[in-house]
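Fold and contact review
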4 protein chains.
Amino acid sequence: MAHVLAVSGSPMEISRSNVLLGHVSSILESRGHTVDTLRIRDLPAQALLHADFGNPALVDSSARLEKADGVVFATPVYKAAFSGLLKAWLDLQPQFGLTGKCVLPLATGGSVAHALALDYALRPVLTSMDARHVVNGFLVLDRYIEAPTPVEPSPIEAPVNIHADAEPALIKVVEGFLDSLQGTRFAA
Amino acid sequence: MAHVLAVSGSPMEISRSNVLLGHVSSILESRGHTVDTLRIRDLPAQALLHADFGNPALVDSSARLEKADGVVFATPVYKAAFSGLLKAWLDLQPQFGLTGKCVLPLATGGSVAHALALDYALRPVLTSMDARHVVNGFLVLDRYIEAPTPVEPSPIEAPVNIHADAEPALIKVVEGFLDSLQGTRFAA
Amino acid sequence: MAHVLAVSGSPMEISRSNVLLGHVSSILESRGHTVDTLRIRDLPAQALLHADFGNPALVDSSARLEKADGVVFATPVYKAAFSGLLKAWLDLQPQFGLTGKCVLPLATGGSVAHALALDYALRPVLTSMDARHVVNGFLVLDRYIEAPTPVEPSPIEAPVNIHADAEPALIKVVEGFLDSLQGTRFAA
Amino acid sequence: MAHVLAVSGSPMEISRSNVLLGHVSSILESRGHTVDTLRIRDLPAQALLHADFGNPALVDSSARLEKADGVVFATPVYKAAFSGLLKAWLDLQPQFGLTGKCVLPLATGGSVAHALALDYALRPVLTSMDARHVVNGFLVLDRYIEAPTPVEPSPIEAPVNIHADAEPALIKVVEGFLDSLQGTRFAA
């Protein structure tokens, strides 16, 4: 079975990107994979923004990336691109920090007008980091994601909360990610 | 005369982006314009990364943006795009926070292989914010920028420190920015 | 008054991009500007695809570009980008064939999911050609454009055929183009 | 063994993109795969530019695409993007014409300043066509490709003509493509 790092790039405590990431993580776990969840906003902010490469929490987050066979990124779309918070963390990883890894890029946003942000903005960045395979991603519209609630006890929210209209397309990209993970393991 | 906000997106205390920005600011001031310099890394990190829109220092930085007729951005190129730090700050500005403004995008990087990052990654983001005119930008190679020194007393370093080989192309884009600023004032 | 080249990048004889271009041309003419319309599909196909730079009709099309103060491009969105036909013609122009010119990029498409294609795919190409100003563009949805009819006698169809819902946003970008054209003339 | 379509997007009769494509095809054949070579410039130009979907030669080219397990694209970089000729052909393929296929994007150009054109311009288009896997591509500098000669009898030139300095990076992306082709066959 594979080990996956699920990375949330939302700056918000309560966020639809987190709900989406939790939903996808549940699917991955139900298929027997292990999932480690990293919320970038929980990392030490000053160390992140000042590129303090030696900060222990940042070093640890890089080690968690290195251990993963696959990575799922979930980010809100802001200003026609992915979040600056996510980029700030990627900026601190090694130039080829995704070598050998499969990557599933996911986004949340209010309008399908943002749909191309994943492929034009995030994918080239992930490709520059030498990802083995950035599989086809998906933008889930905000209205298809159950509003997250602040009383939720777990950092990543519970699984059954994506509207049925968005589910088939989401499942399709998750299956593509699972296929690619499988191939990675054969290749190893 | 126009008022310009010079924004540094480098996460580093000592950075070539800052040197470049200081150099361009000097030129703008020598033409009679006023320049306000904003180093994003000096803003409160946690408020920035957690999208705390009410933080007084962030509110103040947005007010400084709003007051400007033109904006110069200087960013290092990391992972085939502009810095996450710069994007994190842009994410907090109003959707149309550049309405009516002229923008000059500048980058620093170790190789011309990064040259297209300005036009493919940063320009679409600035355009989405309704900039009046994002003029042609320029990537200055690290080797053409005098190494900044930690003993420098001012936050943005002294003016005469761009190699003569890079100067003509830099001057050309700055002149384009000045022309556009002029047009903005006629339009106002 | 300014002189504008209106370029249609649609491969189709009957096309919504042509209707849109005709509509915008009418507005420009009503403001006193002259408009020359170039449908790339009317150029000699073999010369275009084989990059035959000496072909008289292609040489003439480049001369028409050179004479223009401003250029309006209208293209369908195919495969998340602008048409190959338009790119094939741009490929034959001088590297800096848009120097000093204002450019208005327009697109037509079936879904707002294509909205970012203008800024991520077409704008960087136009910027690489040293356009003085690529103003904010607009994607007009197919359903807002009156179906063009084959019996239309003129090559570019009649003016009053954009749905009222799309008109304000279209007028806004056309006004931005007119402002920029004005600035170009002051700068000259 | 897999079947590969090698597509040249150069508008030129004699072109470095063709040399590069011939070189890569030889490697693929030496590993036991079959390669079908398509030079888009050899297709009927008028049918291609007028989107004449029923043209027999175009229908045949689409059938050759459909039959392939993998596709190699080689294109010159013009105006900060891939060739319009290549895009004109892609525009005529089905929206999801790359479903299930591995794709290797290659480019030729005079300067590394064009390096990001593959990932920012071509990759999003290929991804929109639902490619199973667009592997990491490579820009080979013109000076590393032996000048093609007009007396060459075959349409795609002979194999041993890439400079040793460019060979390791080229071999690396070809190996990535071969690995992905292998995975495709397991997945089938």
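Read on for an overview of the structure. Keep in mind it's a predicted model, so treat the numbers as computed, not measured. (Residues numbered from 1 in each chain as written. Chains lettered and ligands numbered in written order. Predicted model: local features only at pLDDT ≥ 70, side-chain atom pairs only at ≥ 80, totals over all residues. Heavy atoms only, no water.)

1. Remarks on the relation of the copies chain B and chain A
With an RMSD of 0.0 Å, the fit of chain B onto chain A corresponds to turning through 180 degrees and sliding 0.0 Å along the axis. This pairing of chains is accounted for by a two-fold axis. The rotation axis passes nearest to the C-alpha of G84 of chain B in chain B, at a distance of 2.3 Å. Most of the interface of chain B is mirrored in chain A, where 100% of its interface residues are also at the interface. (Least-squares fit on C-alpha atoms with pLDDT ≥ 70 in both. Contact = heavy atoms within 4.5 Å.)

2. With respect to the relation of the copies chain C and chain D
The transformation that overlays chain C on chain D combines an axial shift of 0.0 Å with a rotation of 180 degrees, and the residual RMSD is 0.0 Å. A symmetric contact is evident, with 100% of the interface residues of chain C recurring at the interface of chain D.

3. Quick notes on the environment of S30 of chain A
Tracing the sequence through the fold places S30 of chain A in helix 1 (residues 16-30). Within the structure, S30 of chain A has its side chain in polar contact with the backbone oxygen of I27 of chain A (distance 2.6 Å). (Helix = DSSP H or I, 4+ residues; strand = E, 2+ residues; numbered from the N terminus. Polar contact = N/O pair within 3.5 Å; in protein donor to acceptor, adjacent residues only side chain to side chain.)

4. Notes on the interface of chain B and chain A
Residue-level contacts link 29 residues of chain B with 29 residues of chain A. Counting the surface lost from both chain B and chain A, the interface buries some 2300 Å², and carbon and sulfur atoms represent 63% of this. Of all residues in chain B, L49, H50 and K79 of chain B give up the largest surface area on contact with chain A, accounting jointly for 35% of the area buried on that side. Where chain B packs against chain A, one counts 0 salt bridges. One can count 14 residue pairs in polar contact (both at pLDDT 80 or more) joining chain B with chain A. Mapped onto the side of chain B that touches chain A, the elements with two or more residues apiece are helix 2 (45-49), strand 4 (81-82), helix 4 (84-91) and helix 5 (117-128) of chain B. Sorting elements by how many residues they give to the side of chain B that touches chain A places helix 4 of chain B first, with 6 residues. Considering only residue class, the side of chain B that touches chain A consists of 18 nonpolar, 7 polar and 4 charged. (Buried area = accessible area lost by both parts, 1.4 Å probe. Salt bridge = Lys/Arg side-chain N within 4 Å of Asp/Glu carboxyl O. Nonpolar A, V, L, I, M, F, W, Y, C, P; charged D, E, K, R; others polar.)

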